[in-house]
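# What the coordinates show
The primary structure of each chain is shown beneath.
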Amino acid sequence: MRYKTEQLQGFALVAPSILAVLIFVYGFIGWSMRVSLSQWKGLLPDYTWVGLQNYLNLFKDPRFHIDIRNTVIFTLLFVGGSLVLGLLLAILLDQGLRGEGFFRSLYMFPLAISFIVTGVVWRWLMNPAQGARLSGLNLIFDSLGLDFLISKWHTTPQWGIAFIAIPAIWQMSGYTMALYLGGLRAIPDSLREAARVDGASELQIYRRIIFPLLSPITLSAMIILGHISLKVFDLIIAVAGKQLPLDVPAIYMWTTTFDGNFYGRGAAIGILLLLSVAVLVVPYLRYNIKQEAEL
Amino acid sequence: MTLPRVRRRHWLYIPLVLMALFYVIPVYIMLITGFKSFAEVDLQTMWRLPQGIHFDNFRAAFSQLAPHLWNSVRLVVPAAILSSILGSLNGFVLARWKFPGADVIFPFLLFGMFIPYQSILIPLVQFMRSINLYGGVWGLVLTHVIYGIPITTLTFRNYYASVPKELIESARIDGATMMQTYRRILLPLSLPSFVVVLIWQFTAAWNDFLFAVVLSSPENWPITVALNNMAGSQIIAWNVQMAGAFIAAIPTLLVYIFLGRYFLRGLMAGALKG
């Protein structure tokens, strides 16, 4: 009998949080879905049913096509770049050199600052002015004789979004480095030792033993960074403001809803973003929960 | 450490230092620009070291940002404290005082930390308007506390799961109630987790832009929105923006420098198993 009351008490203690998440996450998602199926335009709510019209319009909308293209380019470069750089840094730091802790902390400090701060600084480092008004990184390339690196950065026609990946990698590669470093440290030295005794070269040890053991980490990192990438918003705003060539779904959602009052369309973009994130995250959560249950 | 790993490989410092430059350059440019006098500031000489130390830029930036720094403090302190209390209680129940279905509910809580907030933004604004918290700091506090529930619960739950079951069982046999068990056994062990969650929520709320830009009115803008507004303005010079960016970064940077270990633990909690 006592056990039952105790369980009830436990439930009562978490009930407010559960209720809050139920309302603010799931209830609000449902509400957004309803808005996305309505013709709500303008300041006053209008829930007149229009079915999937807002979604169909988006799929025909040239601006949304730009958004999808930009998201794909940005995601490939940002996730790929962070993974490669993080892995390289982790391998370097795993060599048992002196000062390792110092370098590790240095590579990770951008994680503590906001995308807005990062964006404001990189906006000037990536100043696209040419000729006599050269500045920022272009100025350094010029003085080092590396003129071929001088770039229009995020103002490059068609490919501007690719350059936004640079500050994003700057900010997040410390994270993948930390994940990989943890993975490398978990591999017992005896495994490498045994391979060396068998005559394997260092390169072979990495290719045949270490990289395969790190692949679950790569998968986790891809999912975490991938979902950050789909949501990218503040960094682009801070580097370049709202500009059509650098538009992404999160910015479109914001401007169309709160500047343009196209609530139905804004909600539809929000729901599409949610679906794309869910495709990544739900299997990942299920896998993690299952693993935990097996422990 | 096995022997072959300590072989002398000094050349490895070359890539390590080059990469260090990549990470440091933005901080370097913020600092040297910040310390220049207005007369020295010129985009074409932006890499040159300042001639003497001047505080013109910091002063100009601070005078504009000070009210917003204060808004951030008013927002972040209650949000972090309330979040960690909630997270601790939830984590305790979900790890060590389970009710039937607790393990089913947990993943549904967790999903909340991954959602793109664009998918709840319109209802959130409507809701805050309806309860008269739109535009102010308290609406943002509430938002950060609620959307922080998943990560804070996760962090505490994982930590409490490492507390031996026997400890809780024996307290129960001695007749301790639920809250007594929490206060006497788990709470005294929780300090490290409280530090992790406090600084995690502090950093998340300090760095947030999306909620702030949508939910707060200009006089209540926290630092991120004010800084972005400064950067988008044609009137405010880039050197003042740099100084402003540095000022905005100081609090979380200090947390990272002095409590880095705890910061990293929070970061790794976000990757679940990591």
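Residues numbered from 1 in each chain as written. Chains lettered and ligands numbered in written order. Predicted model: local features only at pLDDT ≥ 70, side-chain atom pairs only at ≥ 80, totals over all residues.

## Considering the overall build of chain B
- Across its full length, chain B holds eleven helices and zero strands.
- Helices and strands appear in chain B in the N-to-C order α-α-α-α-α-α-α-α-α-α-α.
- Computed over C-alpha atoms, the radius of gyration of chain B comes to 23 Å, more than 25% over the 19 Å expected from 2.2 N^0.38 for 274 residues, which places it beyond the range of a compact globule.
- A total of 274 residues make up chain B; the buried ones form 49% of that total.
- Contacts in chain B between residues far apart in sequence, at least 24 positions, make up 76% of those at least 6 positions apart. (Helix = DSSP H or I, 4+ residues; strand = E, 2+ residues; numbered from the N terminus. Rg over C-alpha atoms; globule rule 2.2 N^0.38 Å. Buried ≥ 20, exposed ≤ 12 C-beta atoms within 10 Å, placed from the backbone. Contact = placed C-beta atoms within 7 Å.)

## Observations concerning the overall build of chain A
- What chain A contains, in helices and strands, is twelve helices and zero strands.
- Along chain A, from the amino end to the carboxyl end, the secondary structure elements read α-α-α-α-α-α-α-α-α-α-α-α.
- The C-alpha radius of gyration computed for chain A amounts to 24 Å, which surpasses the reference 19 Å derived for 295 residues by more than 25%, pointing to a less compact arrangement than a globule.
- Counting only C-alpha atoms and orienting by the principal axes, one finds that chain A spans roughly 80 × 70 × 30 Å.
- By residue count, 44% of the 295 residues in chain A fall in the buried class.

## Details of the interface of chain A and chain B
- The interface is formed by 83 residues belonging to chain A together with 78 residues belonging to chain B.
- Considering each element in turn, the side of chain A that touches chain B owes the most residues, 18 residues, to helix α1 (residues 2-36) of chain A.
- Broken down by class, the residue content of the side of chain A that touches chain B amounts to 55 nonpolar, 21 polar and seven charged. (Nonpolar A, V, L, I, M, F, W, Y, C, P; charged D, E, K, R; others polar.)

## A look at the confidence of the model for chain B
- Scored by pLDDT, chain B has a mean of 92; 96% of the residues are at 70 or more.
- Both scores are available for the predicted complex, with the pTM at 0.94 and the ipTM at 0.94. (pLDDT = per-residue confidence, 0-100.)

## A short note on the nonpolar core
- Counting 168 residues, the largest nonpolar core has A:V117, A:V121, A:I164, A:I236, B:F92, B:L227 and B:A245 as its most contacted members.
- In terms of residue count, the dominant contributor to this core is helix α7 (residues 160-185) of chain A (15 residues).
- Setting aside chain neighbours within four positions, we find A:V117 in contact with B:L227, B:A245, B:A248 and B:A249. (Core = buried A, V, L, I, M, F, W, Y, C linked by C-beta atoms within 7 Å.)

## What about the packing of helix α2 (residues 56-96) of chain B against helix α10 (residues 223-232) of chain B?
All names here are of chain B.
- Where α2 meets α10, the closest approach of the two axes is 8 Å, and the angle between their N-to-C directions is 155°. In terms of orientation, α2 lies roughly antiparallel with respect to α10. Residue-level inspection shows Q64, L65, H68, L69 and S72 of α2 in contact with α10, the latter providing I223, A226, L227 and M230.
- Across the contact of α2 with α10, the residue classes tally to six nonpolar, three polar and no charged. (Axes fitted to C-alpha atoms, helices over the stretch in contact; angles between N-to-C directions. Parallel < 35°, antiparallel > 145°, perpendicular 65-115°, else oblique.)

## A word on helix α3 (residues 102-111) of chain B
- Every buried residue belonging to α3(B) is among B:F106, B:L109 and B:L110, and all of these are buried. Down the axis of α3(B), the sector holding all buried residues measures 95°, keeping them to one side. (Arc of directions from axis to C-beta.)

## Structural notes on unusual backbone geometry
Residues and elements named next belong to chain A.
- Unlike most non-glycine residues, W153 shows phi in positive territory, near 50°.
- Summarising the element assignment, W153 is placed in the loop between α6 (137-143) and α7.
- The phi torsion at Q158 lies on the positive side, around 70°, for a residue other than glycine.
- Checked against the element boundaries, Q158 lands in the loop between α6 and α7.

## Quick look at the packing of helix α4 (residues 100-108) of chain A against helix α1 (residues 13-34) of chain B
- Running from amino to carboxyl end, α4(A) crosses α1(B) at an angle of 30°, the nearest separation of the two axes being 9 Å. With respect to α1(B), the element α4(A) is oriented roughly parallel. For the crossing formed where α4(A) meets α1(B), the hand is left-handed. The residues of α1(B) that touch α4(A), namely those facing A:F103, A:L106 and A:Y107, are B:L16, B:M19, B:A20 and B:Y23.
- A per-class count over the contact of α4(A) with α1(B) returns seven nonpolar, no polar and no charged. (Left-handed = near helix turned anticlockwise from the far one by under 90°.)

## A closer look at the environment of B:K165
All names here are of chain B.
- Within the secondary structure layout, K165 lies in helix α6 (residues 165-173).
- Exposure remark for K165: the 10 C-beta atoms within 10 Å place this residue in the exposed category.
- Separated by 97 residues in the primary sequence, K165 and H68 place their C-alpha atoms 46 Å from one another.

## Points about the confidence of the model for chain A
- Across chain A, the average pLDDT comes to 94, with 99% of residues at 70 or higher.
- Per-residue pLDDT, averaged within each element of chain A, yields its smallest value for helix α8 (residues 189-197) of chain A (90) and its largest for helix α2 (residues 53-60) of chain A (98).

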